[in-house]
Amino acid sequence: MNVGSNSVGNNHLVDINEVLHEEEEDHNEENSNISTIADKPDTRFNRPTKNREIKRPPRKFSRQVSLETGFSVLNGETSKDKNERKILRRSGNSFGGFGVNGTTGIEARNKGDFNMFRTKSTIARQSSKIPLRKESGIELQNNNVKEGLNDHVKKSVPAGRYFDALTGPELDQVKDSEDILLPKDEKWPFLLRFPIGCFGICLGLSSQAILWRSLALSPVTKFLHVPLFINFAVWLLAVGVLVAVFITYMFKCALYFEAIKREYFHPVRVNFFCAPWIVCMFLAIGAPPKTAPGTLHPAIWCVFMAPIFFLNLKIYGQWLSGGKRRLCKVANPSSHLSVIGNFVGAILAAKVGWKEPGKFLWSIGFAHYLVVFVTLYQRLPTSEVLPKELHPVYSMFIATPAAASLAWGAIYDEFDGLARTCYFISLFLYLSLVVRPNFFTGFKFSVAWWSYTFPMTTVSIATIKYAEEVPSFITKALALALSFMSTTMVCILFVSTLLHAFVWKTLFPNDLAIAITKKRYSKDKKPLMKRWTKHSPLSFVTSIGKHNSGDKECASEEEK
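Residue numbers run consecutively from 1 along every chain, following the written order of its sequence. pLDDT decides what is reported in this predicted model: residues at 70 or higher carry local features, side-chain atom pairs at 80 or more are listed and counted, and totals for whole chains, interfaces and linings draw on all residues regardless. Side-chain descriptors were evaluated using all non-hydrogen atoms of the structure, hydrogens and water having been removed beforehand.

**Q** Tell me about the overall build of the protein, and please be specific about residues and values.
**A** Each helix and strand in the protein was counted, giving 22 helices and five strands. The buried label applies to any residue whose accessible area, calculated with a 1.4 Å probe on protein chains only, is under 20% of its type's maximum; exposed applies above 50%, and partly exposed to all values in between. The buried share of the protein, taken over its 560 residues, is 47%. Pairs at least 24 apart in sequence give 80% of the contacts found in the protein among residues at least 6 apart. Where helices and strands are cited, they refer to DSSP runs of H or I of at least four residues and of E of at least two residues respectively, numbered from the N terminus. Residue contacts are counted whenever heavy atoms from the two residues lie within 4.5 Å of one another.

And the structure:
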């Protein structure tokens, strides 16, 4: 048996038949009539090719097969789960590209199968154009691998897996001990790298439009003579960024809907599905006075609030009914974002003249805010442990009570005791985070940093409203200081975002969070076939060579 040194990826190939080289066969056919060769006892080189082909027993697999494929055939495995366990071998990096498009090995690992995250209709359309042909054993094996990977994508990932497998400011980085479905060392398509967290940029800019509108129109800051042109410029910038982000994400929904589903099941990103509609309501509230009427049409509130209401039914229903996505399992600081939508909707309802729907939304938001606040504050022993790097979104703690105070003041036209109570809560939480600067340092820049801006702006607006009710030097100074900090943070992040996006081109790295596997391949659940390929082909050939050389040495010693 001749051992070949060729390899297909990490599979070890063995030549299981004795094969003659083409040159030797041609030479034997030319000299088949020579008597000296014909008289020799060893006539295996002179056998006719046709007789040898007829007498050769039928082979069950090709001349050169991988050890992994050979043992799979001998074992007669037909179960899909077994095939997945024995084919999806842990590489320490990813499963991406293994056996894709009829290729294996190094070539396959270098090309990720991004079609597994495409919309189902697109995949079906592509498959219908492929002509039918007879598939070989390796191609059939690769198709089974591809179907197994697609099953890993289509099935929902448990919420606990995201906390176990991911880390980072918004659970967007994969731990070193985890494998993913796509290659880490290859740059993914832009749409797959575009997360829904980009709507956080729109939140920061649209809330700034409201802040500058308040600074220009409030009697407390009238001595500053802030022109309304700043509000108009920021509002236009926020509208432009929202349109760009929204169109890009719609393209992602159309082409990579499976990736959208992954983001929806993500415990952090599911809350950002409320962000586009909150941004739209912010833009309606902070619109320049010259371009917007005094009272908005109620249809605007219905269009922007309806998606948030249906998302609340889904998210709050999961929190209430229990299961794997109950609140104590998935609670994180970004959960405040789904609650803030109710308060912003209440403010817009009061602006369009619908006070009763505003009171209804405020009640829902405040009830769930208390539950989320208590759950995050006391950290139940049964809850998932939040990673240490999930610090930027902790500023969401201060946004919810500040938005509640603004909503109450807008509904009842006065900043009374309850509104001030909510404002004082947000102010205390703001100070408790400011005195801990190390809590927000040591992280690489990402889109998650925009989570700082929206809460700081909300507290600044609430401080201006409070200064109008309680005018004094301290309240005015506090309003100006918080407004200055908020605007400075937005400017710094906006410049950093432009630099990372267009100059350094590092704003959108591979979104590894959407490519995690449904189950972790731990050490005790390693694929069974891995033990057959434990040694490299070189070591396997070396061991056989040493064995043969040892036999020759023993034979020579016996002859001596």
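Next comes the rest of the account.
**Q** How would you sum up the packing of helix α16 (residues 336-352) against helix α18 (residues 396-412)? Please name residues and give values.
**A** Here an angle of 0 to 180 degrees is reported between the N-to-C directions of two axes, which are lines fitted to C-alpha atoms, with helices fitted over the stretch in contact. At a closest axis distance of 8 Å, the pairing of α16 and α18 adopts a crossing angle of 20°. When the axis of α16 is compared with that of α18, the two are roughly parallel. For the crossing formed where α16 meets α18, the hand is left-handed. Along the contact surface, α16 presents His336, Leu337, Val339, Ile340, Phe343, Ala346, Ile347 and Ala350, while α18 presents Met396, Phe397, Ala399, Thr400, Ala403, Ala404, Leu406, Ala407, Ala410 and Ile411. Should an angle fall under 35 degrees it is called roughly parallel, over 145 degrees roughly antiparallel, and 65 to 115 degrees roughly perpendicular, with every other angle called oblique. For any pair of crossing helices, the crossing counts as left-handed if the nearer helix is rotated counterclockwise from the farther one by less than a right angle, and right-handed if it is rotated clockwise.

**Q** For empty space enclosed by the protein, give the residues involved together with the corresponding values.
**A** Put plainly, a pocket is an open set of points on a 1 Å grid over the protein atoms alone with protein on both sides within 12 Å along at least five of seven lines, a cavity is a set where a 1.4 Å probe fits but cannot get out, and a lining residue has an atom within 4 Å of a point. Grid points are joined across faces, edges and corners, and a volume is the space filled by probe spheres set on the points. Summed over the entire model, instances satisfying the criterion amount to five cavities of 30 Å³ or more. In this structure, the largest cavity encloses a volume near 150 Å³. When contributions to the lining of the largest cavity are tallied by element, the ones reaching two or more residues are α12 (257-265) and α14 (298-321). A per-element tally of the lining of the largest cavity places α14 first, with four residues. For the lining of the largest cavity, the residue count by class is seven nonpolar, four polar and two charged. By volume, the second largest cavity amounts to about 60 Å³. Every residue along the wall of the second largest cavity is listed here: Glu170, Gly197, Gly200, Leu203, Phe272, Met396, Val447, Ala448, Trp450, Ser451 and Phe454. Three residue categories are used. Nonpolar comprises Ala, Val, Leu, Ile, Met, Phe, Trp, Tyr, Cys and Pro, charged comprises Asp, Glu, Lys and Arg, and polar comprises the others, including Gly. Here the residues of the lining of the second largest cavity sort into seven nonpolar, three polar and one charged.

**Q** Residues and numbers for the nonpolar core, please.
**A** For our purposes a nonpolar core is just a set of buried Ala, Val, Leu, Ile, Met, Phe, Trp, Tyr and Cys residues, chained together by side-chain atoms within 4.5 Å. Ranked by size, the top nonpolar core spans 129 residues in total, and within it Trp188, Leu192 and Leu348 carry the most contacts. Discounting residues that sit within four places of it in the chain, tryptophan 188 has contacts with Phe114, Ile180, Leu182, Pro183, Arg193, Asn510, Asp511, Leu512, Ile514 and Ala515.

**Q** Lay out the confidence of the model for the protein in plain terms, naming residues and giving numbers.
**A** On average, residues of the protein score 76 in pLDDT, and 63% of them are at 70 or above. The pLDDT value tells you how sure the predictor is about a given residue, anywhere from 0 up to 100. In the model, residues 97-110 has pLDDT below 50 throughout and makes 30 contacts with residues more than four positions away in sequence or in other chains. The low-confidence segment residues 524-542, where pLDDT is below 50, has 21 contacts with residues more than four positions distant or belonging to other chains.

**Q** Please set out the packing of aromatic side chains residue by residue, giving values where relevant.
**A** Aromatic rings from Phe, Tyr and Trp, taking only the six-membered ring of Trp, are treated as a pair when their centres fall within 6.5 Å; an angle between ring planes under 30 degrees marks them as stacked, one over 60 as edge-to-face, and anything in between as tilted. For the structure shown, the criterion picks out 28 aromatic pairs. Aromatic side chains phenylalanine 415 and tyrosine 423 sit 6.3 Å apart centroid to centroid with 70° between the ring planes, which places their arrangement in the edge-to-face category. Tyrosine 423 matches phenylalanine 415 in its accessibility class, with the two residues each being buried. Joined through ring pairs, the aromatic side chains of Phe343, Trp362, Phe366, Tyr369, Phe373, Tyr377, Tyr394, Phe397, Trp408 and Tyr412 make up one cluster.

**Q** Residue-level account of the side chain of arginine 269, with values.
**A** Mapping arginine 269 onto the fold places it in the loop between α12 and α13 (275-285). Arginine 269 gets classed as buried once you look at its relative accessible area, which sits at 5%. Pairs of N or O atoms within 3.5 Å make up the polar contacts considered here, provided that, within protein, one atom can donate a hydrogen while the other can accept it, and that residues adjacent in sequence are counted only when both atoms are side-chain atoms. A distance of 2.6 Å separates polar atoms of two side chains, one belonging to arginine 269 and the other to aspartate 511. The contact partners of arginine 269, leaving out residues within four places of it in the chain, are Asp172, Pro195, Ile196, Glu263, Asp511, Ala513 and Ile514.

**Q** Hey, could you go over the pattern of salt bridges for me, with residue numbers and the actual values?
**A** When a carboxyl oxygen of Asp or Glu is within 4 Å of a side-chain nitrogen of Lys or Arg, the pair counts as a salt bridge. Under the criterion given, the structure shown has seven salt bridges. Note that arginine 161 and glutamate 178 form a salt bridge whose closest N and O atoms lie 3.0 Å from each other. Of the two residues, arginine 161 sits in helix α9 (residues 159-165) while glutamate 178 sits in the loop between β5 (173-174) and α10 (199-217), which places them 17 residues apart along the sequence. Both residues of the pair, arginine 161 and glutamate 178, count as buried. We note a salt bridge from lysine 359 to glutamate 356, for which the minimum N-O separation is 3.2 Å. Separated by three residues within a single helix, lysine 359 and glutamate 356 lie in helix α17 (residues 355-378), roughly one turn from each other.

**Q** Help me get a handle on α16, residues and values and all.
**A** The first and last C-alpha atoms of α16 sit 25 Å apart over 17 residues, in line with the 24 Å expected at 1.5 Å per residue. The buried count for α16 comes to 16 of 17 residues, which makes it a mostly enclosed element. With its phi angle positive at about 100°, glycine 353 sits one or two positions after the end of α16. Multiplying one less than the number of residues by 1.5 Å gives the expected span of a helix.

**Q** Describe the environment of leucine 217, and please don't skip the residues or the numbers.
**A** The residue leucine 217 is located in helix α10 in this model. Judged by relative accessible area, leucine 217 falls into the partly exposed class, the value being 46%. Note: C-alpha distance between leucine 217 and proline 227 (10 residues apart in sequence) is 9.2 Å. Apart from residues no more than four positions distant in its own chain, leucine 217 is found in contact with Leu228 and Pro289.

**Q** Which residues make up unusual backbone geometry, and what values do they have?
**A** Phi angles above zero are rare outside glycine, and histidine 225 is one such case at about 55°. Here histidine 225 lies in the loop between α10 and α11 (228-255). Phi is positive for aspartate 413, close to 60°, though the residue is something other than glycine. Relative to the elements of secondary structure, aspartate 413 occurs in the loop between α18 and α19 (417-434).

**Q** Any chance you could break down the environment of threonine 475 for me, citing the residues and the numbers?
**A** When you line up the elements, threonine 475 lands in helix α21 (residues 473-503). C-alpha separation for the pair threonine 475 and threonine 463, spaced 12 residues apart in sequence, amounts to 7.4 Å. In contact with threonine 475, not counting residues within four places along its chain, are Thr463, Tyr466, Ala467 and Val470. Looking at threonine 475, its side chain comes within polar contact range of the main-chain oxygen of valine 470, at 2.9 Å.

**Q** Please set out the packing of α13 against α14 residue by residue, giving values where relevant.
**A** Close contact between α13 and α14 brings their axes to 9 Å; oriented N to C, the two are set at 155°. It follows from the interaxial angle that α13 and α14 lie roughly antiparallel. As for how α13 packs across α14, the hand of that crossing is left-handed. Residues Trp277, Ile278, Cys280, Met281 and Ala284 of α13 form the contact with α14, whose participating residues are Ile300, Phe304, Met305, Pro307 and Ile308. Of the residues belonging to the contact of α13 with α14, the class tally is 10 nonpolar, no polar and no charged.

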